There are 4 protein chains.
Amino acid sequence: MNAVSFASDYQEGAHPRILERMASMNLLKMPGYGTDDICVSARERIRKACACPEADVHFLVGGTQTNATVLDALLAAHEGVVAADTGHISVHEAGAVEACGHKVLTLPHRLGKISAAQLGDYCNTFFSDLNRDHMVAPGVVYLSQPTEYGTLYNLKELEDIKDVCRKHGLRLYVDGARLAYALGSAQNDVGLADLARLCDAFYIGGTKCGALFGEAVVIPNPQLTPHFFTLTKQHGALLAKGWLLGIQFDELFAEDRYLSIGKPAVEAANRIRAALVQHGHRLAFVSPTNQVFVVLEDEVAKRLGNLVEYSFWERSDKDHIVIRLATSWATTDEQVDQLLLAFSKP
Amino acid sequence: MNAVSFASDYQEGAHPRILERMASMNLLKMPGYGTDDICVSARERIRKACACPEADVHFLVGGTQTNATVLDALLAAHEGVVAADTGHISVHEAGAVEACGHKVLTLPHRLGKISAAQLGDYCNTFFSDLNRDHMVAPGVVYLSQPTEYGTLYNLKELEDIKDVCRKHGLRLYVDGARLAYALGSAQNDVGLADLARLCDAFYIGGTKCGALFGEAVVIPNPQLTPHFFTLTKQHGALLAKGWLLGIQFDELFAEDRYLSIGKPAVEAANRIRAALVQHGHRLAFVSPTNQVFVVLEDEVAKRLGNLVEYSFWERSDKDHIVIRLATSWATTDEQVDQLLLAFSKP
Amino acid sequence: MNAVSFASDYQEGAHPRILERMASMNLLKMPGYGTDDICVSARERIRKACACPEADVHFLVGGTQTNATVLDALLAAHEGVVAADTGHISVHEAGAVEACGHKVLTLPHRLGKISAAQLGDYCNTFFSDLNRDHMVAPGVVYLSQPTEYGTLYNLKELEDIKDVCRKHGLRLYVDGARLAYALGSAQNDVGLADLARLCDAFYIGGTKCGALFGEAVVIPNPQLTPHFFTLTKQHGALLAKGWLLGIQFDELFAEDRYLSIGKPAVEAANRIRAALVQHGHRLAFVSPTNQVFVVLEDEVAKRLGNLVEYSFWERSDKDHIVIRLATSWATTDEQVDQLLLAFSKP
Amino acid sequence: MNAVSFASDYQEGAHPRILERMASMNLLKMPGYGTDDICVSARERIRKACACPEADVHFLVGGTQTNATVLDALLAAHEGVVAADTGHISVHEAGAVEACGHKVLTLPHRLGKISAAQLGDYCNTFFSDLNRDHMVAPGVVYLSQPTEYGTLYNLKELEDIKDVCRKHGLRLYVDGARLAYALGSAQNDVGLADLARLCDAFYIGGTKCGALFGEAVVIPNPQLTPHFFTLTKQHGALLAKGWLLGIQFDELFAEDRYLSIGKPAVEAANRIRAALVQHGHRLAFVSPTNQVFVVLEDEVAKRLGNLVEYSFWERSDKDHIVIRLATSWATTDEQVDQLLLAFSKP
């Protein structure tokens, strides 16, 4: 098939340096389970990038297992996790959080986000409810940065949410599956050090951001989850050849590569947004990262599908759907050209 | 460190063809979650090698998650899994099976194995116990081939166990984390087609057998677990970039490579066993695959540790321990020479 | 305290015949776990009342454990239970369903109810979603009859919901914690035989309907959950002295007592509703069973609280709350008089 | 059937005072969920009997749900519970502990007991195992007092076990399903205050010891499990009409009735043991509480079964079985006479 694909940001391989390094040490024998020196180096680089020298850093394989493992570690049995109703854990993880015994407590989203005000209302209502001991208590707040809608929490919003968490004794967890595309956005004002300062745990996404696979969990206060290693094992999330994850994050954080690797993707998305609008297409909403959401007539969407692989997002009305186009760290100018050409076809 | 390592068979990288193929297609965009053509090809090769054209084949990342996911799929809520008390799921998976809500029902092992007679007695006792409805029913039998002791079930033993399973309505599951080292042993008479004929599910180990990571679950009767895909997602065991697993198993099963990849490892282990015995060392027991278990005086073990990385297996008596040496598909003659030289040091 | 209580329908003891029978046989030795003759008789009476001679009938102790056990028995691992967002399992069972590993999939309620249309839309959307294998599938529909709002599904509504269930392969489960108050309502057209015909499982509430405690689970097709007994044990829901439950349901179904035991409660509630409206009070909504929901100014509610125990239901606006008054099978005319007198106080 | 029954101690009703009190207040309206004054009084009596004025006391319905709830409250996710392989949670609770996600780590019993030495060895081995982070850590020790074999831990044994717990950071939990029969034994030197001093949690059995149903959980240090109430709800173990449990324990602890209620049962068992031995019968082992274990030829056991209901315990050899006879607080001299007469039949 010759169609150019903007279907998802996990369709790429890895930054070339990663494969080179894997190949170069393929026949060296390495200790397992992340106890090797490359993991030590990768952890150190991440701690430095987060300005958090004490942080615990764990390398897991994929996003769903990371969310389930971290939330299981952070939640007490009587608690659930508060998330936007569009949050990945709420919808697209096949009930992984519930399978660990925890309820996801959903709040209505606005472009994928929830607000400190919403959270505060929810907590105030819950903690003043006379029946609260018969209910699941909010224990952790789950945010994604960027969200599933490609939108961003700004620093003020995060700090306000953190204030609500502090007030009610909740922990804050950020899912950074696409974090590189937040860090690469001109509109972003939340750095890794901010996340380390505000979160009880967050993860730095590798799979969609330059690695073959892998997510780096950062737990700023290691006292919080002393047995996290055993929990990763129990959740089937501990890779035997941990150095494969070490290599990937060591390369992604060499020369702070991760801070800039998402930038070209966001610029490509900006170029696509601008061109589509200029050509009279309608964006479902504007988001400042690597995802573009376009409203198309059914007929147009169908024709476009022969030339471009995209994701179906949702039905907009009787005759229109919203599609999603995702750029990535590996998107080329030629691919964008080909995409825009396809859009310009009659 | 200059010590030669025989600590484990997961210390290696991957068969060179795997890394080459990953590199060659690194910047191609691929569909996710195992829906790509390479996975299709790899599944087809495995079905053919198993002489089981109808089988469902799923690629997961690691052994613990595979065991937990498959057992969760095979067990009803009132059932548990019968395993040797030395089985990997019984001891070294951090309670992953129990974390999914299922009990492991252990039988005493003999060199890592359980017998049809033991299983039959257990089932007869259980199903004639008047209190059985207050107890966890045996639902699945878990075997490892080779076992954690490097021993093998022969075909007659497996068939006898299967007969007991049939009689009592149990399913049979084989953990093949090191399956290539069974297939590569001259003493083995159990082929992939036998496993496909006798098992309700088994997995073909990649991580320890030539892949970077990955295990291929074979379910001969796909009607048995129609929603296995969703369960892998729920268990956090679904790799976004499924084609990475496809590549690895497509290469491992190209020209039936998997059937022979373990042979040099077993031959190296045989050479080590023979040489050690000849030099007056005592084997804790003899096993016909890639693991060697040696009884050493504490003092000798300590000195040896400067020259060789090995695994501590267990204390044998007050003054002796048992160590484990594991060869792998990548073990070289030179490494064996270096090992034997180390043993010959005063 | 001399206040008359309309706080809840579980505040009563039991129908006098139950205590008499318990006392009369207190020192007889009985076989355990529901294997006694009284349980046999009670089951037979329930089967007859349900016109369902084949049904499995199990006696459990309380509502939350019943819901968790039945749903665990009915749901496959990849499935969740669809419920109104106001359903008891969604809100007031402390996450018991999720603690068993299952997600509650909520639909917005209308006076505690969901509709066949809503359910059909939900199922159509789900089963046509290309990502559905990454999501929790609807597996069971949970309804309460009467609902938490005291409202009723009529027969047509139930049949329509059942049609949607059939179309999409879902099972239907009805929580009848207050079922006697549905059966006792003049507006009800759904009998026990209808429930047995339409449901895959339902429970006949004892705790709130004349028993000291106990709920009778009816499973019209016993093939559906062959190991339900063991599941009740596993869920801690199996009473050792099962005959205590047998006595209660044998008495509640003697002379079909259960069919009429709720009638005086509904009549009392009707009398309260009429009187309150007549005296200028505003009902939050009208429901045809044993619960009355009244909008009160904060100040009035506070004064009333000295004379009447009621339940806080929700805040209506800045100056008003909604309170709930519950009558029961044991409510007397004198108690209603006292309540209405309290409302008439300045 | 005219056979006298010694099959189990849960075959009785309740102490007559309990039923009287239930009847006397049957039509009083009571607040739910254990918030009533009778529960307050019962808790206070138990605290006093335990010489532990700070203890948290919770009333649950049955033993299996109590064990599952308490262990879920005491265990961290990476921990399991150490128990004798004959412990009730290990065998006869249908996997309730595992269904909550926790592994039961079994030690071989000696007449139902485990020793401090065994536990110490287990802990020493575990905590010095280099692979321990891949294994389930011992987190709680589960003992039953009396054990399933009717045997008792003496104070020294309990203190030694507690010392091991302290050394390794384990919590100690005692299942007192039959605790009254320990307290009623002349050989017992462990009082309620000792349990409160040594245990992190224990439960005082009601179901087998004079109540209709109910178990009282004592948590000497309430800081240990601040959300225990919500956990009981989540486990379906919270009785709506909590005062029913309050009445039972208030009566059982009125005038310290619980301390002596088991004494006649033990005396009856002693009388049975002495008479059987005198008449040439063989006891399988001697235990000092209310259970008697007799070795019988198959033929004799069969004949006896026409006259006496007993429990099958286990097969002793080809021609003999062991039966269990259980006395209770309600056993009469006449019943013992009838039993002994049956044994004396040819």
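None of the values given here were measured: they were computed from a predicted structure. (Residues numbered from 1 in each chain as written. Chains lettered and ligands numbered in written order. Predicted model: local features only at pLDDT ≥ 70, side-chain atom pairs only at ≥ 80, totals over all residues. Heavy atoms only, no water.)

(A) The interface of chain B and chain A, seen in detail. Residue-level contacts link 46 residues of chain B with 45 residues of chain A. Buried surface at the junction of chain B and chain A, both sides included, amounts to about 3,600 Å², of which 58% is carbon and sulfur. Looking at the side of chain B facing chain A, the largest losses of area belong to Tyr-10, Lys-29 and Lys-241 of chain B, adding up to 20% of the total buried there. For the interface between chain B and chain A, the tally reads two salt bridges. With a closest N to O distance of 3.1 Å, Glu-12 of chain A and Lys-29 of chain B form a salt bridge. Of all the elements in the fold, those that place two or more residues in the side of chain B that touches chain A are α1 (16–24), α3 (63–74), α5 (96–99), α10 (228–234) and α11 (243–252) of chain B. For the side of chain B that touches chain A, the class distribution of residues is 24 nonpolar, 17 polar and five charged. (Contact = heavy atoms within 4.5 Å. Buried area = accessible area lost by both parts, 1.4 Å probe. Salt bridge = Lys/Arg side-chain N within 4 Å of Asp/Glu carboxyl O. Helix = DSSP H or I, 4+ residues; strand = E, 2+ residues; numbered from the N terminus. Nonpolar A, V, L, I, M, F, W, Y, C, P; charged D, E, K, R; others polar.)

(B) Structural context of the interface of chain C and chain B. On the side of chain B, 13 residues touch chain C, which itself brings 13 residues to the contact. Here chain C and chain B share an interface that buries about 1,300 Å² over both sides, 62% of which is from carbon and sulfur atoms. In this assembly, chain C and chain B are joined by zero salt bridges. Broken down by class, the residue content of the side of chain C that touches chain B amounts to six nonpolar, five polar and two charged.

(C) Just the packing of helix α6 (residues 116–128) of chain A against helix α7 (residues 155–168) of chain A, in detail. All names here are of chain A. Here α6 crosses α7 at 15 degrees, and the two axes come no closer than 8 Å. For the element pair α6 / α7, the angle class is roughly parallel. Crossing angle aside, the handedness with which α6 passes α7 is left-handed. On α7, the residues that touch Ala-116, Leu-119, Gly-120, Cys-123, Asn-124 and Phe-127 of α6 are Asp-160, Ile-161, Val-164, Cys-165, Lys-167 and His-168. Broken down by class, the residue content of the contact of α6 with α7 amounts to seven nonpolar, three polar and two charged. (Axes fitted to C-alpha atoms, helices over the stretch in contact; angles between N-to-C directions. Parallel < 35°, antiparallel > 145°, perpendicular 65-115°, else oblique. Left-handed = near helix turned anticlockwise from the far one by under 90°.)

(D) Seen up close, the relation of the copies chain B and chain A. Between chain B and chain A, which share one sequence, the superposing operator has a rotation angle of 180 degrees and an axial displacement of 0.0 Å; the RMSD is 0.0 Å. Look at the turn and shift together and you get a two-fold axis relating the two. Take the interface residues of chain B: 98% of them recur as interface residues in chain A, which is what a same-surface contact looks like. (Least-squares fit on C-alpha atoms with pLDDT ≥ 70 in both.)

(E) The domain arrangement of chain A, seen in detail. Residue and element names in this part refer to chain A. Per the domain assignment, the segments of chain A are domain 1 (4–10 + 262–344) and domain 2 (31–257). On a C-alpha basis, the centroid separation for the pair domain 1 and domain 2 is 28 Å. At the junction of the two partners, domain 1 supplies 18 residues and domain 2 supplies 19 residues. Interface of domain 1 and domain 2: buried area, both sides summed, is about 1,400 Å²; carbon and sulfur atoms make up 60% of it. In this structure, Arg-178 and Asp-9 form a salt bridge, with 2.6 Å as the shortest nitrogen-oxygen distance. Run the count over domain 1 and domain 2 and you get five residue pairs in polar contact (both at pLDDT 80 or more). Breaking the side of domain 1 that touches domain 2 down by element, the ones donating at least two residues are α13 (263–278), β10 (291–297) and β12 (311–317). Among the elements that line the side of domain 1 that touches domain 2, the one with the most residues is α13, at three residues. For the side of domain 1 that touches domain 2, the class distribution of residues is eight nonpolar, six polar and four charged. (Domains from an automatic or database assignment. Polar contact = N/O pair within 3.5 Å; in protein donor to acceptor, adjacent residues only side chain to side chain.)

(F) Main features of the packing of aromatic side chains. Overall, the coordinates contain 42 aromatic pairs over all chains when judged by the stated rule. Seen from their ring centres, Tyr-149 of chain D and Phe-293 of chain D are 6.3 Å apart, and the 25 degrees between their planes marks the pair as stacked. Here Tyr-149 of chain D, found in the loop between β5 (137–144) and α7 (155–168), pairs with Phe-293 of chain D, found in strand β10 (residues 291–297); they are 144 residues apart in sequence, far enough to count as distant. The exposure classification of Tyr-149 of chain D matches that of Phe-293 of chain D, with both residues buried. Within the aromatic cluster, the residues linked to one another by ring pairs are Tyr-149, Phe-285, Phe-293 and Trp-313 of chain A. The aromatic ring of Phe-6 of chain B is capped on one face by Lys-29 of chain A, whose charged end is 5.2 Å from the ring centroid. If you follow Lys-113 of chain B out to its NZ or CZ, it ends over the ring of Tyr-153 of chain B, 5.4 Å from the centre. (Phe/Tyr/Trp six-rings, centres within 6.5 Å; stacked < 30°, edge-to-face > 60°. Buried < 20%, exposed > 50% of the residue type's maximum accessible area, 1.4 Å probe, protein only. Lys NZ or Arg CZ within 6 Å of the ring centre and 35° of its normal.)

(G) A look at the sheet that holds strand β9 (residues 282–285) of chain B. All names here are of chain B. In space, the four strands of this open sheet follow the order β9-β10-β13-β12, with antiparallel pairing throughout. Looking along the sheet, the strands with just one partner apiece sit at the ends: β9 and β12 (311–317). Taking the axes of each pair of neighbouring strands and ignoring which way they run, one obtains an average angle of 35 degrees across the sheet. (Pairing = 2+ DSSP bridges.)

(H) The pattern of salt bridges, seen in detail. Residue and element names in this part refer to chain B. Throughout the structure, instances matching the rule amount to 76 salt bridges over all chains. The residue Lys-113 makes a salt bridge to Glu-157 at a minimum N-O spacing of 2.9 Å. Here Lys-113 is found in the loop between β4 (104–107) and α6 (116–128), whereas its partner Glu-157 is found in helix α7 (residues 155–168), with 44 residues between them in sequence. You can call Glu-157 partly exposed: its relative accessible area is 28%.

(I) Quick peek at the packing of helix α1 (residues 16–24) of chain A against helix α11 (residues 243–252) of chain A. All names here are of chain A. Viewed as axis vectors pointing N to C, α1 and α11 meet at an angle of 140 degrees, and their least axial separation amounts to 9 Å. Overall, the two elements α1 and α11 adopt an arrangement that is oblique. Along this stretch, α1 crosses α11, giving a crossing that reads as right-handed. Across the interface between the two elements, Arg-17, Ile-18, Arg-21 and Met-22 from α1 touch Leu-244, Ile-247, Gln-248, Asp-250, Glu-251 and Leu-252 from α11. Of the residues belonging to the contact of α1 with α11, the class tally is five nonpolar, one polar and four charged.

(J) View of the sheet that holds strand β9 (residues 282–285) of chain D. All names here are of chain D. Judged by pairing direction, the sheet is antiparallel, and its four strands sit side by side in the order β9-β10-β13-β12 without closing on themselves. Edge strands, defined here as strands with exactly one partner in the open sheet, are β9 and β12 (311–317). Here the average twist between neighbouring strands, direction ignored, is 35 degrees. In this structure, β12 lies alongside strand β13 (residues 320–326), joined through five bridges in antiparallel fashion. Paired with Glu-314 across the strands is Val-322, a residue of β13. Each of β9, β10 and β13 touches helix α13 (residues 263–278); the most contacted strand, β10, lies at about 25 degrees to it.

(K) Highlighting the relation of the copies chain C and chain B. Between the two copies, chain C and chain B, the superposition gives an RMSD of 0.0 Å; the rotation angle is 180 degrees and the shift along the axis is 0.0 Å. Both copies share a contact surface, since 100% of the interface residues of chain C are interface residues in chain B too.

(L) How the structure looks around unusual backbone geometry. Here the amide bond leading from Gln-145 of chain B into Pro-146 of chain B is cis, since omega sits at -10 degrees, within 30 degrees of zero. Within the secondary structure, Pro-146 of chain B sits in the loop between β5 (137–144) and α7. In this structure, Ala-51 of chain B is a non-glycine residue whose phi angle is positive, near 50 degrees. Residue placement: Ala-51 of chain B occurs in the loop between α2 (37–49) and β2 (56–60). At Ala-94 of chain C, a position not held by glycine, the phi torsion is positive, near 55 degrees. Structurally, Ala-94 of chain C can be placed in the loop between α4 (88–91) and α5 (96–99).

(M) Inspection of helix α15 (residues 333–344) of chain D at higher detail. All names here are of chain D. The end-to-end C-alpha distance of α15 is 16 Å, a good match for the 16 Å that 12 residues give at a rise of 1.5 Å each. Gln-335, Val-336, Leu-339, Leu-340, Ala-342 and Phe-343 are the residues of α15 that are buried. Angularly, the buried residues of α15 cover 155 degrees about the axis, an arc narrow enough to put them on a single face. The outward face of α15, more than 90 degrees from its buried face, is lined by the exposed residues Asp-333 and Glu-334. Where α15 is buried, its residues meet β1 (4–5), α13, β10, α14 (298–304), β11 (308–309) and β13. (Expected span 1.5 Å × (residues − 1). Arc of directions from axis to C-beta.)

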